Amino acid sequence: EIRNAIQESIGETADTSSLTNFLPNASDLIGEFSATHQKPEQPQEAGNFTVLNRFRFIVRQFLKGICSSQFSHRVVMFIDDLQWADRQSLDLIHSLLTDPEISNFLFIGSYRENEVLPDHP
């Protein structure tokens, strides 16, 4: 049931490799997409901006699937030591927390106030 919701949210043509590289066990939930369902090879793109946007998109879609209102469970994500988080990680967290289509989701973050420098994002 949850696998179907995730696959529906991600879509058949999505390139899931960035998600499964980041969360190897995610392949247990999303199943294996055959080569015919993978996104066609893209031309070389300048910079990492597009790669980061694709990664953010696929993570949001994955979370939408597992947090779907059709299930009675809630999803809690806890991340410790946010004082070490880089800008891209904080942007990803922000995009998850501000996406109006993600429901049944609780994020808890912790950090050491005495280890946060004034220039930290």
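The paragraphs below set out a description of the structure included in this document. (Residues numbered from 1 in each chain as written. Predicted model: local features only at pLDDT ≥ 70, side-chain atom pairs only at ≥ 80, totals over all residues. Heavy atoms only, no water.)

1. Structural notes on the overall build of the chain
(1) Moving on: When helices and strands are tallied, the chain shows five helices and two strands.
(2) Moving on: The order of helices and strands in the chain, counted from the N terminus, is α-α-α-α-β-α-β.
(3) Moving on: Evaluated residue by residue, the chain yields a buried proportion of 31% over its 121 residues.
(4) Moving on: For the chain, contacts bridging at least 24 residues in sequence account for 78% of all contacts bridging at least 6. (Helix = DSSP H or I, 4+ residues; strand = E, 2+ residues; numbered from the N terminus. Buried < 20%, exposed > 50% of the residue type's maximum accessible area, 1.4 Å probe, protein only. Contact = heavy atoms within 4.5 Å.)

2. With respect to a nonpolar patch on the surface
(1) Moving on: There is a patch of nonpolar side chains on the surface, built from Val76, Phe78, Leu106 and Ile108 and spanning about 370 Å² of accessible area.
(2) Moving on: Elements with a minimum of two residues in the nonpolar patch: strand E1 (75-79) and strand E2 (105-109).
(3) Moving on: Mapping Leu106 onto the fold places it in strand E2. (Patch = residues over 30% accessible without salt bridge, like charges linked within 9 Å, V, L, I, M, F, W, Y side chains within 5 Å. Areas by Shrake-Rupley, 256 points an atom, 1.4 Å probe, with all protein chains shown as cover. Salt bridge = Lys/Arg side-chain N within 4 Å of Asp/Glu carboxyl O.)

3. Focus on the environment of Val75
(1) Moving on: On the secondary structure map, Val75 appears in strand E1.
(2) Moving on: Relative accessible area serves as the criterion here: at 16%, Val75 is assigned to the buried category.
(3) Moving on: Taking the C-alpha atoms as reference, Val75 lies 6.3 Å from Leu106; in sequence the two are 31 residues apart.
(4) Moving on: When near neighbours in sequence (up to four residues on either side) are disregarded, Val75 contacts Leu63, Ile66, Cys67, Asn104, Phe105 and Leu106.

4. Side note on unusual backbone geometry
With the exception of glycine, the majority of residues adopt a negative phi angle, and the majority of peptide bonds are in the trans configuration.
(1) Moving on: Even without being glycine, Asp81 reaches a positive phi, approximately 60 degrees.
(2) Moving on: If you trace the backbone, Asp81 turns up in the loop between E1 and helix H5 (87-98).
(3) Moving on: Judged by its relative accessible area of 26%, Asp81 is partly exposed.

5. Comments concerning the nonpolar core
(1) Moving on: Counting residues in each nonpolar core, the largest one holds 21 residues, and the members touching the most others are Phe62, Leu63 and Phe105.
(2) Moving on: The greatest single-element share of this core, amounting to six residues, is contributed by helix H4 (residues 49-66).
(3) Moving on: Among all residues touching Phe105, those that are not within four sequence positions of it are Leu63, Cys67, Val75, Met77, Leu96 and Leu97. (Core = buried A, V, L, I, M, F, W, Y, C linked by side-chain atoms within 4.5 Å.)

6. Some thoughts on the pattern of salt bridges
Opposite charge on two side chains permits them to pair, given that their charged atoms come into close proximity.
(1) Moving on: In total, this model carries six salt bridges according to the counting rule given.
(2) Moving on: In this structure, Asp99 engages Arg60 in a salt bridge whose closest nitrogen and oxygen atoms are separated by 3.3 Å. Of this pair, Asp99 sits in the loop between H5 and E2 while Arg60 sits in helix H4; the two residues are 39 residues apart in sequence, bridging distant segments of the chain.
(3) Moving on: Accessibility expressed as a relative area gives 13% for Asp99, which makes it buried.
(4) Moving on: One salt bridge connects Lys64 with Glu101, and the closest N-O pair in it is separated by 3.2 Å. Of this pair, Lys64 sits in helix H4 while Glu101 sits in the loop between H5 and E2, and the two are 37 residues apart along the sequence.

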